[in-house]
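Structure at a glance
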Amino acid sequence: MLDTAPVRAFLDDTHMTLAERVSDFATRLLAPLAEPKDDAAARHQARELLAQLGTAGWFQPIRDQDWRACCIVREALAAASPLADAVFALQALGVVPMLLSSNDTMRKRWLDAAIQGRAMASFAMTEPEAGSDAASLGATAEPDGDGYLLSGTKTFISNAGIADFYTVFATTDRAKKDKGIGCFVVPADTPGVRLVRPLVLSSPHPLGEIAFQKARVPAECRLDGPGKDSSSASPRSIASAPPSAPPRAAWRRARSPRRWRMRSRAGSSGSRWPTSSSFKRSWLAWPPI
Ligand SMILES: Cc1cc2nc3c(=O)[nH]c(=O)nc-3n(C[C@H](O)[C@H](O)[C@H](O)COP(=O)(O)OP(=O)(O)OC[C@H]3O[C@@H](n4cnc5c(N)ncnc54)[C@H](O)[C@@H]3O)c2cc1C
């Protein structure tokens, strides 16, 4: 059973109930599954897990943007099946840009299907020459009539070859660097989208390289909206979007940790060790800058 004691102070009662339910599910239904013997078996099992998790409702915290609940679900799934955890993580990575955007068309097309485990998501940002430095990515999205032509190669893409849609980051204006990156939802069966090769790991995790060869998508597939470079779904705004919880005040503190830490020092009792509430405050001020 998931040990929530170390983080109990940060959880609501609903999270505690969720932890019990998801632990029970993972222990009974996922832990007994045999580890896939090869990459093909892992790909097959990933699709089965997607349906199983979706039917059981475990993707709902993604839709609710309840990140504490997402952590609880991931922790329980990972303890029983690392592959189930990967399926959950990728579903969130592929869907959150859609949730953060104002693009109702894409949400109508994919959201229910993804949350119910009928459509598998994938997140395509990394490239052979652009990993940590996402702003230097080379994939392009060229305007083409009422749509875009996507070109480039994405590597280390989880769910490559088995996903139903890829959430793809491509540059729309290289001169603007990170401000010129757009985010596109690309159906996997779009002509010009191709699995170049699977990348086989020693542990079961569907991974691969995807090529976009003048893959044409309609303008409505762009999440950050035409002409609005680096808006709602750019990597930077996803990273800085306010989470559902811990509550907004904690998020504000986390966004200006230096000021917060000075304030909390001024208010401290002078004790060498943090009180539980000052510890909690400094934890919420993570990451340090
Ligand atoms: C199992 C697996 C699944 C993945 N799934 C996906 C996916 O679904 N979608 C996707 O888009 N990507 C995915 N990735 C790619 C992953 O996100 C990248 O590996 C990551 O962004 C790092 O990029 P890189 O491997 O090119 O390393 P690099 O960027 O080359 O970095 C190499 C090392 O240098 C360090 N480094 C880099 N820049 C700096 C700097 N400025 N200062 C100090 N240190 C630095 C890094 O921390 C790292 O230790 C996956 C990777 C793996 C291994």
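Conventions and cut-offs
- Residues numbered from 1 in each chain as written.
- Predicted model: local features only at pLDDT ≥ 70, side-chain atom pairs only at ≥ 80, totals over all residues.
- Heavy atoms only, no water.
- Near = heavy atom within 4 Å.
- Polar contact = N/O pair within 3.5 Å; in protein donor to acceptor, adjacent residues only side chain to side chain.
- Helix = DSSP H or I, 4+ residues; strand = E, 2+ residues; numbered from the N terminus.
- Nonpolar A, V, L, I, M, F, W, Y, C, P; charged D, E, K, R; others polar.
- Salt bridge = Lys/Arg side-chain N within 4 Å of Asp/Glu carboxyl O.
- Buried < 20%, exposed > 50% of the residue type's maximum accessible area, 1.4 Å probe, protein only.

All right, on to the site of the ligand then. Every residue near the ligand is listed here: Leu90, Phe123, Met125, Thr126, Gly131, Ser132, Phe156, Ile157, Ser158, Leu201, His205 and Leu207. At a separation of 2.9 Å, an oxygen atom of the ligand approaches a polar backbone atom of methionine 125. Contact distances for the ligand include 2.9 Å between a nitrogen atom and a side-chain N or O atom of serine 158. The dominant element in the shell around the ligand, judged by the number of residues it contributes, is strand S3 (residues 147-158), at 3 residues. When grouped by side-chain class, the residues that make up the shell around the ligand number 7 nonpolar, 5 polar and no charged.

So, on to the pattern of salt bridges. Enumeration over the complete set of coordinates arrives at 16 salt bridges. The residue arginine 74 makes a salt bridge to aspartate 85 at a minimum N-O spacing of 2.6 Å. You can see arginine 74 sitting in helix H4 (residues 67-80) and its partner aspartate 85 sitting in helix H5 (residues 82-100), a full 11 residues away along the chain. By relative accessible area, aspartate 85 is classed as buried at 12%. When the shortest N-O distance is used, the salt bridge between lysine 179 and aspartate 178 registers 3.9 Å. On the basis of relative accessible area, lysine 179 is assigned to the partly exposed category, the value being 40%. In this structure aspartate 178 comes out as partly exposed when scored by relative accessible area, which is 24%. Counted as one network, the salt bridges with shared partners bring together Asp144, Asp146 and Arg216.

Structural measurements only, silent on function.
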